[in-house]
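Each chain, written out:
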Amino acid sequence: MEITYLGHAGFLLETDGAIVVADPWLSPEGAFDSAWMQLPRNHQLAPWVRERLADSTKERFIYVSHEHRDHFDPWFLASLADRGFTLVIARFRRKALRAALEDYRCARLAILDDGERLDFAGGYLRLFVDDSGLNRDSALFVRGDGQSFLDLNDCKIHDRVGKIREEEGALDLFTAQFSGAIWHPTCYDYDRATYAAISRRKSVGKFEAVSRAIEQLAPRFFMASAGPVCFLDPSLIHLNYEEVSIFPRAPRFFAYVKKRLRNSQTQLLEPMPGDRLELATGKLHELGEERVDDDSFPQYVALYAKERQGLYRARLRNRLPEELEETHAALRAELERKLAALELRERVLVPLYAWLEELPSRVLRVDFARGVVEEVAQVPEQGRYTLCAAAADLRRVLDRKMTWDEFLLSFRLRLSREPDTYDAILHGFLAVEAEDLGAFCDTVRQSEARQERITVEAGGVRYSVRRYCPHQGADLTQAWCEGGRYLVCPRHRWRFDLKQGGACTTNGTTLNAVALENDEAQCAGE
C-alpha cells in the first residue's frame, strides 16, 4: 500500500486492487467562508488526484468522513469529470450530507453503518461512526496488500481504539487530529492569562488522548494530519502567531509524545502535501513542493495572505441601515425558531444576549426559562451568555449559506459567559440547526437513561460510577485517573472529581460516584 498525503486530513491510498481517496479538501477558497485555509497549500494537487481517480484499471473510492467543509469539499467533487468511483459516507441521523450528495452523479453512493465493511479486490475499507448529537463524524480503516491504515481524523472515538485493535490486529499506519478546532476559547472574551491557561490545558488534553491511542494501537507509523489550518482573513490572522493556543503544530505534539511514550517503537512522521509513504518498505518520499517548518512559518503565512487577499476585500463593505434592520429581524426570528424547537430549554439557567456588531444597543435576550426572545437595552455583568457578530457574517448563516456549526467554526464572532461554565444544552442551542434540536434533545435524554455502572480506582479508593460520560456518552471503561481523584473522559477530557461524588470540573454534571469498601476492578488505564 502506498499513501500520499493530500494536506490537512486528506489521503490517497493505492493498493494493487483499489484507490481510496479520503477527505480531499483541495478548494482554493478554503472552508467556512474562507476563514480556514489549508496549511500548507495543497490546491496544486487537485489535477493529480483527478488523474488517479480516472484510473479505470482499479476500483476507486472517495470517502467523506463528515459534513464539515474542511473534509467535505463540494468544489473538488464537482470538478471531477470521470466519476466511475464509489462515494462512501457514514449513516448519520442528520441527513444533511446525504441530501447534499443525493443528486451527485457517480458509480455508487455507499452509506455505511458503524462497523460496516466494504470489500474490494485484495482488501476492504471499514467505517467507525460517532453520532452523539453534537458530534457527527466517522473514522476510516483500510486493509490492502497485507497492510493496514486507521484514520481517526476528527472522530473522537478514543474510547474505542482498543476494541478496534482487538478486531483488526496490528496496525501499520495511524493518524488522528492532534490540534484543536473549536471556538472555545478562541472566540471568548478572556484576559490573556486565562486564555493561555485554557488553551494550554486543552492542548495537553488532546495530546494525551492521542498519545494514549498511539500507546494502545502501537502502529508502525503515526502521521500528523488534521492539524492546524491557516487563518488569512485580516480579522483572524493573529491566530496564526499566538504563542499559546489550541492550534499547535506537529513539532510541539511530537515533543510531547516522545516524552510521554519514551519506549514507543512508533515512528512519527510530519508529511507535506504530496509526500508519499510506502508502507511495505517504510520509506517516506518527500515529493511535496512546499516545505513549511517553524522557522519559515511567519514568512509563509505573510506570502499566503497576500496571495489570497482578494477573498476578503468584499467583506469590508459597510452595510446600509435597512440591511442592518433586516438582519436584526432575521436573527430574532431565527432565535425564536430555535428556542421553540429546544425541548430542554428549561434546563438553561442563564439567558443568551445576542446582537449585531453594528447595532450594539439593539440587544436580543433569549430567555430560556420563559421561552421568549425580547429586545433589551443592556447586558448584565453576571448570569449571562453573549454572542456578537458582524451583520455580513451572520447573514451567511441566516440565509442558509452556512450552518450554525460552520458559522461558529468560522471564528467570526465574539462570545462570553458569566459564570464561566459549559452548558451542553446552550451549546446545542447555538450549534445545532433548528430542525435537528428535537433529535439533539432526544440524544441527551437517551444518554441520561443509560445507568450501567462500573468500578474504578483512584488514590487507593474504589468507586462505583456511571459507565457512560454524561457529555456525549463516551465509554468510561477506557478513561484514566489523574491526581489520585479525577477520572478523565477519553473523548473530550472532561474531569470528574471522585472525591466530590463524581462532579464534573467543567459543569454541574456528575458520575454519581460512590466510594466502595470491597475489592473490585481497578481504574481503566491506571
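Our subject is the structure listed above.
Quick caveat: nothing in here was measured; it's all calculated off a predicted structure.

1. Examining the environment of Gly17
Here is step 1: Assignment of secondary structure puts Gly17 in the loop between β2 (10–14) and β3 (18–22).
Here is step 2: Sequence separation of Gly17 and Glu51 is 34 residues, and the distance between their C-alpha atoms is 17 Å.
Here is step 3: Ignoring anything within four residues of it in the chain, the contact list for Gly17 reads Lys58, Glu59 and Ala121.

2. So, helix α12 (residues 424–431)
Here is step 1: Most of α12 is tucked away: seven of the eight residues are buried.
Here is step 2: When we look at burial in α12, the residues that qualify are Ile425, Leu426, His427, Gly428, Phe429, Leu430 and Ala431.
Here is step 3: Among the structural elements, α9 (321–341), β16 (352–356), β17 (363–367), β19 (384–389), α11 (404–409) and α13 (437–449) are those in contact with the buried residues of α12.
Here is step 4: With a side-chain oxygen lying 3.0 Å from the backbone nitrogen of Ile425, the N-terminal cap of α12 falls on Asp423.

3. With respect to the pairing of strand β10 (residues 147–153)
Here is step 1: With seven of its seven residues buried, β10 lies for the most part within the structure.
Here is step 2: The side-chain alternation of β10 yields two buried faces, one formed by Gln147, Phe149, Asp151 and Asn153 and the other by Ser148, Leu150 and Leu152.
Here is step 3: Of the strand pairs in this sheet, strand β9 (residues 136–144) and β10 are connected by five bridges, and their pairing is antiparallel. Considered in β10, the bridge of Phe141 is made with Leu150.
Here is step 4: Connecting β9 to the antiparallel partner β10 that follows it, the hairpin turn spans two residues, and Asp145 within it adopts a positive phi of roughly 55 degrees.
Here is step 5: Where β10 meets strand β11 (residues 173–176), four bridges bridge the pair, whose relative direction is parallel. When the bridges of β11 are listed, Phe149 appears paired with Leu173.
Here is step 6: Crossover β10 to β11 through helix α4 (residues 161–168) is right-handed.

Thresholds, definitions, all that
- Residues numbered from 1 in each chain as written.
- Predicted model: local features only at pLDDT ≥ 70, side-chain atom pairs only at ≥ 80, totals over all residues.
- Heavy atoms only, no water.
- Helix = DSSP H or I, 4+ residues; strand = E, 2+ residues; numbered from the N terminus.
- Contact = heavy atoms within 4.5 Å.
- Buried < 20%, exposed > 50% of the residue type's maximum accessible area, 1.4 Å probe, protein only.
- Polar contact = N/O pair within 3.5 Å; in protein donor to acceptor, adjacent residues only side chain to side chain.
- Pairing = 2+ DSSP bridges.
- Right-handed = clockwise from strand over helix to strand, strands pointing away.

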